Amino acid sequence: MSTSPAGDVPHAVSETTRAGKFLFAASVMLLCGWVLVPLYLLAVNTLSSPEQVSGFPKSGFPSFDFGSLAFFMQFNGVGKALWNSLLVAMLTMVLSIGIGAPAGYALSRFEFRGKATFRMLVLMTRAFPLPLLALPLAVMFIRVGLDDTAIGLALVHTTLAIPFAVLITFSIFAGIPIELEEAAWTLGCNRLQAFQRVVLPLVLPGIIASAIFAFTISWNEVFAAAVLTVQNRTLPAFLLQSLDVSPLHLKFAGGAALVVPALIFIFAVRKYMFAMWGIANR
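Every residue gets a number counted from 1 within its own chain, in the order that chain's sequence is written. The predicted nature of this model means local features are confined to residues of pLDDT at least 70 and side-chain atom pairs, given and counted, to a pLDDT of 80 or more, with totals for whole chains, interfaces and linings taken over all residues. Water and hydrogen atoms were dropped before computing side-chain values, which therefore reflect all heavy atoms in the structure.

Draft legend 1. Structural context of the pattern of salt bridges. Take a side-chain nitrogen of Lys or Arg and a carboxyl oxygen of Asp or Glu: if they are within 4 Å of each other, that pair is a salt bridge. All chains considered together, the criterion is met by one salt bridge. We note a salt bridge from E181 to R109, for which the minimum N-O separation is 2.5 Å. One end of the pair, E181, is in helix 8 (residues 178-186); the other, R109, is in helix 4 (residues 78-109), and 72 residues separate them in sequence. Of the two residues examined, E181 and R109, each falls in the buried class. By the criteria applied, helices consist of DSSP H or I runs no shorter than four residues and strands consist of E runs no shorter than two, each listed in order from the N terminus. With a 1.4 Å probe rolled over the protein chains alone, any residue whose accessible area is under 20% of its type maximum counts as buried; one over 50% counts as exposed, and the rest are partly exposed.

Okay, structure coming up:
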């Protein structure tokens, strides 16, 4: 007796569903491997002795020897470069939030002509590649005396982070009903008091996440730091400068110094980032 074509439909749907789940799981595993394998290899070589890093064959497991890290911290110029990176990143974080958060609030609360165009222009600032602007920036900074300074580099990094700060804070402020502020006004608060007592506690997670994002952008940026600084280089620019003469274990330790702080900051504020997107933190 022949099988009815209608009876094959559920079977075909089931096979398609299984194939889709398998493809999804394989994609997730591939993506996780793409991210985690380099981090694992970086950790293995960072926590191994210089001889093990340069030797062959590789064990694939860390020996928890801190010789590479000790050599990195004692390497001439690393301490100053670390301090410059921290200083520039903190200035970038403060400036980007100090400028971006008020702009995001204004975009979410006030209507004015050209508002949509302004939002688009803010986003379009990221369309200009930094190498295209490097020479004019260098000339201008030399003329005004901002070349090879932390504040000058922080201003460049702020221009990279501001579009994200404006758009993130705009979305956060837009999600807060204006009726909450109006209720505070009726109870005797002015606009500033209503913002401080009602709006700010609600948007603080998003602002913190935006600030950490700005910090990470500055901490890992290398092109502007390499072009605009000479004596006061940040850690990425310092490592790039010494890339052809530094030993292999110094490169791995330097890579860890760039990656680990960003991971720690992101892990520390993960609950704020989850809250910003409405995801419960468990």
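Draft legend 2. Region of the structure containing the nonpolar core. Residues enter a nonpolar core if they are buried and are Ala, Val, Leu, Ile, Met, Phe, Trp, Tyr or Cys, with the set joined through side-chain atoms within 4.5 Å. Within the largest apolar cluster, 25 residues are counted, with the highest numbers of intra-cluster contacts made by F72, V203, L235 and L239. The contact criterion used throughout is that any non-hydrogen atoms of two residues lie within 4.5 Å. Setting aside residues no more than four positions away along its own chain, V203 makes contact with I172, F173 and I176. Of all hydrophobic cores here, the second largest spans 13 residues; its members include L160, A224, A225 and L228.

Draft legend 3. Quick peek at the packing of aromatic side chains. For this analysis, a ring pair means two rings from Phe, Tyr or Trp (six-membered ring only for Trp) whose centres lie within 6.5 Å, classed as stacked if their planes differ by under 30 degrees, edge-to-face if by over 60, and tilted for the remaining angles. Taken as a whole, this structure holds eight aromatic pairs when the rule is applied. Arranged with centres 5.9 Å apart and planes meeting at 50°, the rings of F71 and F75 form a pair that is tilted. Judged by relative accessible area, F71 falls into the partly exposed class, the value being 33%. Residue classification places F75 among the partly exposed positions, given a relative accessible area of 25%. Centre to centre, the rings of F164 and F213 are 5.2 Å apart; their planes meet at 70°, and the pair counts as edge-to-face. Linking F164 in helix 7 (residues 150-174) with F213 in helix 9 (residues 191-220), this pair joins segments that are 49 residues apart in sequence. The class for F213 is partly exposed, based on a relative accessible area of 38%.

In short, geometric facts, not functional conclusions.
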